[in-house]
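Descriptive analysis of the structure
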Amino acid sequence: MAIPKLILISLVFLSFSFSWAAPAPSYQSLLQCLTKTIGSAKGSSIVIPPSNLNYKSVLVARAHNARFNRPTTPKPAAIITPLEPAHVSAAVNCSQTVGFQIRTRSGGHDYEGLSYVSDKPFIMIDMFNLRDISINMADESAWVGAGATLGQLYHNIFSKSPVHGFPAGVCPTVGAGGHISGGGYGTLIRKFGVSTDHVVDAKIVDANGKILDRKGMGEDYFWAIRGGGGGSFGVILAFKVKLVRVPKTVTVFRVERSLEEKGTDIAFKWQTVAATTDTNLFTRMLLQPVKIKNTPSVRITIMGLFLGDANGLVALLNKDFPELGLKKQNCTEMRWIDSVLWWANYEIGTSPKVLLDTSNKDATKFVKRKSDYVQKPIPIKSLESLWKVMMENGEVGLTCNSYGGKMNQIKETETAFAHRAGNLYKIQYSLSWDHPSKKTDDTNLNQARTVHKFMTPFVSKNPRRAYMNYRDIDIGTAKTWSYAEGKSYGTSYFAGNYDRLVTIKTKVDPKNIFRNEQSIPTRK
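Residues numbered from 1 in each chain as written. Predicted model: local features only at pLDDT ≥ 70, side-chain atom pairs only at ≥ 80, totals over all residues. Heavy atoms only, no water.

**Overview of the overall build of the protein**
Across its full length, the protein carries 17 helices and 18 strands. What you see for the protein is a C-alpha radius of gyration of 25 Å, in line with the 24 Å of a compact globule of 524 residues. Considering only C-alpha atoms, the protein reaches an extent of 100 × 55 × 50 Å along its principal axes. Looking at the protein as a whole, 56% of its 524 residues are labelled buried. Residue pairs at least 24 apart in sequence account for 73% of intrachain contacts in the protein once pairs closer than 6 positions are excluded. Looking at the protein, you have 66 positive and 42 negative side-chain charges, and the mean spots of the two groups are 3 Å apart. (Helix = DSSP H or I, 4+ residues; strand = E, 2+ residues; numbered from the N terminus. Rg over C-alpha atoms; globule rule 2.2 N^0.38 Å. Buried < 20%, exposed > 50% of the residue type's maximum accessible area, 1.4 Å probe, protein only. Contact = heavy atoms within 4.5 Å. Lys, Arg positive; Asp, Glu negative; His and termini not counted. Charge placed at Lys NZ, Arg CZ, Asp CG, Glu CD.)

See below:
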């Protein structure tokens, strides 16, 4: 019996439709490899191709820079969402078999999107499911999954003890894997150092797909992933960290001054005090372009955390920094966990349970960040020139974070994180905007570069240092991953530790499987 013409046309159309919707052969090869390695049910359950209805929501859930979340942004051929370490091993091995590059994302706060964007065919391993946190109060330690957030870690510690904490960042949705492997900076830095100083063990999947702990990887490998970033050396599964003890009562404060209120003098004096005052005090200075009665100006804000009560804080700053005029009414006493919420801009009295929320509720902004280290106070006349540049480039704010204290006691070579003694403070140059146009991008990026360029005479030199967790591709990028290319950014991020990192990279990943535009190269 002849097939009616209409039905025949429909069958041909359906045939073309199914052919068009079928996954690319490389994706099919990846899926076949994974299902062969870990089983068909598990393989299918952890692989999310672009045709999957959940693909977009998973991709954007932890993409915290809208500049790298446009329709034209290259997307992964598949998102791998491992449920156990063996799945990560399979993903590493199968990606090599098929020919995909690997990008690994723990929290998605990479400012240049390198954890979830590549211009080559790639898969993204999203570590969100590997977020277990195990607290052992007997030895005051914790195993922290790479996909856990800092907020989850802080909350879990608090649930066991209100007088323990961990020295890490102020943004609760940052992923532990990337944060700790890149150094890990926060308000406890002057008392306890950076996050990586408290890592005592780790688990990683290497270029051969093997799961290694500290003993298995050896001390060189272990040294490299403490400050050298995990993305160059493998896929971090978890870190074991030592907790620190904090007092029952801590104190926070915030004081704002305009230029008319001797703001310039306050800014200058802060530079001479921040790194030398009592190690129980961390301070941050915010320099923000503002308009006062429609006239461009700069606002100076001094805020801080004191590991003690308000009376002790006021007495300390009246001695070391009387120009600030801090009074007890400027201060708020609280538990350490509540100070975590305060620094994250939650209202006082907010329940710590909010730290368990990993959702990206606020609209993701377009952002650019840059960084510097200051080793000598910037003179008053130069600060006045900076104010002028900031007023002319009115979107760039500077966040200045105090160093000194414990950081002066740890050798630059102790871990791969090299920014230790000799630094008064670190600067983060910050811009955030909402408009998606390229013109707006260009304008704001140019402003960031202009202010950064102006600061050249006043910051560290040879190399001009930068903080790797404030990723900035303006410093330099790799295309062939030569030693010279890597040095353009490697010495800024790692100073004298760059050479040792290259040597270790060459040993543990000779084929340069784990790479991105600013990864450690092999020695060729």
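**Topic: the nonpolar core**
The nonpolar side chains of a soluble globular protein tend to be buried with one another. Grouped together as the largest cluster of nonpolar side chains are 98 residues, with contacts concentrated most on Ile80, Ile125, Ile225 and Phe233. Element by element, the count of residues in this core is highest for helix α13 (residues 336–343), at 6 residues. Aside from chain neighbours lying at most four places away, what touches Phe233 is Ile204, Tyr221, Ala224, Ile225, Gly228, Leu501, Ile504, Lys505, Val508, Phe514 and Ile520. (Core = buried A, V, L, I, M, F, W, Y, C linked by side-chain atoms within 4.5 Å.)

**A look at unusual backbone geometry**
The step from Asn462 to Pro463 runs through a cis peptide bond, and the omega angle for that step is 5°. Here the phi dihedral of Lys262 falls at roughly 60°; this positive angle occurs in a residue that is not glycine. Relative to the assigned elements, Lys262 resides in the loop between β12 (250–258) and α11 (263–273). A relative accessible area of 60% means that Lys262 is categorised as exposed. One non-glycine residue, Lys293, lies in positive phi territory at about 55°.

**Some details on the pairing of β12**
Relative to strand β15 (residues 331–334), β12 runs antiparallel, the two being bridged by 4 bridges. Bridge assignment links Val250 to a residue of β15, and that residue is Met334. Pairing geometry for β12 and strand β14 (residues 295–306), over 8 bridges, is antiparallel. Residue pairing across strands places Val255 opposite Ile302, the latter belonging to β14. (Pairing = 2+ DSSP bridges.)

**A closer look at the side chain of Thr277**
With respect to the element layout, Thr277 can be found in the loop between α11 and β13 (281–292). Its relative accessible area of 6% is what places Thr277 among the buried residues. A polar side-chain atom of Thr277 sits 2.7 Å from a polar atom in the side chain of Asp320. (Polar contact = N/O pair within 3.5 Å; in protein donor to acceptor, adjacent residues only side chain to side chain.)

**Brief notes about the state of the cysteines**
Using the criterion set out here, one finds 1 disulfide in the structure. Between Cys33 and Cys94 runs a disulfide, and the two sulfur atoms are separated by 2.1 Å. The sign of the S-S torsion, about -80°, decides the handedness of the disulfide formed by Cys33 and Cys94: left-handed. Note that Cys33 is positioned in helix α2 (residues 25–38) and Cys94 in helix α5 (residues 85–98), a separation of 61 residues in sequence. Summary of cysteine pairing: Cys171 is not part of a disulfide, and the nearest cysteine sulfur, belonging to Cys400, is at 19 Å. (Disulfide = S-S within 2.5 Å.)

**A word on the sheet that holds strand β3 (residues 101–105)**
One open sheet holds the 4 strands; their spatial order is β1-β2-β4-β3, and the pairing between them is mixed. Single-partner strands in this sheet number two, and they are β1 (47–48) and β3. Sheet topology note: the β3/strand β4 (residues 122–126) ladder contains 5 bridges and is parallel. Directly across from Ile102, in β4, lies its bridge partner Ile123. Each of β2 (78–80), β3 and β4 is contacted by α5, which is oriented at about 175° to β4, the strand it contacts most. (Axes fitted to C-alpha atoms, helices over the stretch in contact; angles between N-to-C directions.)

**A word on the pattern of salt bridges**
Under the counting rule described, the total for this entry stands at 27 salt bridges. In this structure, Asp197 engages Arg420 in a salt bridge whose closest nitrogen and oxygen atoms are separated by 2.7 Å. Placement of the pair is Asp197 in the loop between α8 (189–192) and β8 (199–205) and Arg420 in the loop between β17 (397–402) and β18 (425–433), with a sequence separation of 223 residues. In this structure Asp197 comes out as partly exposed when scored by relative accessible area, which is 24%. (Salt bridge = Lys/Arg side-chain N within 4 Å of Asp/Glu carboxyl O.)

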